[in-house]
Amino acid sequence: MGLDPKWLPSNGGGGHSWIKGESSFVEVAPGKYLFAVLRDQDETGRAVHSFSSQIHAFNGTTEQIFHGLETMQGTHRVPRPLYPTLVTFDDLNDPSSVRLVDPDHLDVVFGSGVTLNRITLEITNSRITNGELENVLKWIPNYYVAHFDGARYETMSAPNRLANALTSGAFKVP
């Protein structure tokens with residue numbers, strides 16, 4: 001089918017792509033971090049919309065647009081509706097302490113005066129980071145087959161739905 005951009009490797013089926021790498025994160029205050037959750041289905045759309053001003057110059061088929069993205073570099077703002085899911089951990093040593101962070105109200109979690117001005121996406125030839133996330137969340141390698149609440153399976157009746165819905169794959173894709 002040829003619709004998978006090289007920067008988002010194909011699974012060989014021609015209709016689906018996946019991401020590889022680590023979640024972006026920032027230390028907002030000493031020992032307090034904000035993490036972006038990785039989701040395969042969102043990443044291509046986020047790139048296409050964030051770089052839309054440059055992409056419109058290609059003015060062609062989807063395949064031509066993806067090819068254009070492969071050669072593109074630069075940094076662009078992510079439109080607010082396309083922000084990734086943002087989370088933090090009340091205790092960096094406890095994956096079940098994960099909680100959602102409202103991008104419009106970072107002060108609720110991180111303190112008075114803390115705001116999110118923008119999220120940017122950069123297309124670069126730099127190497128994919130590897131290991132930075134594990135420096136902060138040392139337990140990440142232990143949760144590829146278990147959810148952050150320790151359960152093996154996701155269930156709608158879990159007391160902590162967010163911790164039950166997330167595994168390490170939401171933060172690091174080998």
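Here, every reference points to the structure presented above.
None of the values given here were measured: they were computed from a predicted structure.

### Let's talk about the sheet that holds strand E3 (residues 32-36)
Strands belonging to one sheet form pairs held by backbone hydrogen bonds; the direction of such a pair is parallel or antiparallel.
Inference 1: Overall, antiparallel pairing links the 4 strands, which are arranged E2-E3-E5-E6 in an open sheet. Every interior strand has two partners, whereas the edge strands, strand E2 (25-29) and strand E6 (98-100), have only one. Within this sheet the neighbouring strands show an average axis-to-axis angle of 35°, counted without direction.
Inference 2: Sheet topology note: the E3/strand E5 (residues 86-89) ladder contains 2 bridges and is antiparallel. Bridging from a neighbouring strand, Phe 35 pairs with Val 87 of E5.

### Here we look at the environment of Phe 89
Inference 1: Along the chain, Phe 89 turns up in strand E5.
Inference 2: Between the alpha carbons of Phe 89 and Arg 99 there is a distance of 6.2 Å; along the sequence they are 10 residues apart.
Inference 3: Leaving out residues up to four positions away in the same chain, Phe 89 has contacts with Phe 35, Asp 94, Pro 95, Ser 97, Val 98, Leu 137, Trp 139, Phe 148 and Phe 171.

### Remarks on the pattern of salt bridges
Inference 1: On inspection of all chains with the given rule, the structure shows 5 salt bridges.
Inference 2: Notably, a salt bridge pairs Asp 104 with Arg 80, separated by 2.9 Å at the nearest N-O pair. Of this pair, Asp 104 sits in the loop between E6 and helix H4 (107-110) while Arg 80 is found in the loop between strand E4 (74-77) and E5, placing the two residues 24 residues apart along the sequence.
Inference 3: Between Arg 99 and Asp 90 there is a salt bridge, with its nearest N and O atoms 2.8 Å apart.
Inference 4: In this structure, a network of salt bridges that share partners links the residues Glu 22, Glu 134 and Lys 172.

Here is what the cut-offs are and how they apply
Residues numbered from 1 in each chain as written. Predicted model: local features only at pLDDT ≥ 70, side-chain atom pairs only at ≥ 80, totals over all residues. Heavy atoms only, no water. Pairing = 2+ DSSP bridges. Helix = DSSP H or I, 4+ residues; strand = E, 2+ residues; numbered from the N terminus. Axes fitted to C-alpha atoms, helices over the stretch in contact; angles between N-to-C directions. Contact = heavy atoms within 4.5 Å. Salt bridge = Lys/Arg side-chain N within 4 Å of Asp/Glu carboxyl O.

In short, shape yes, function no, at least from these values alone.
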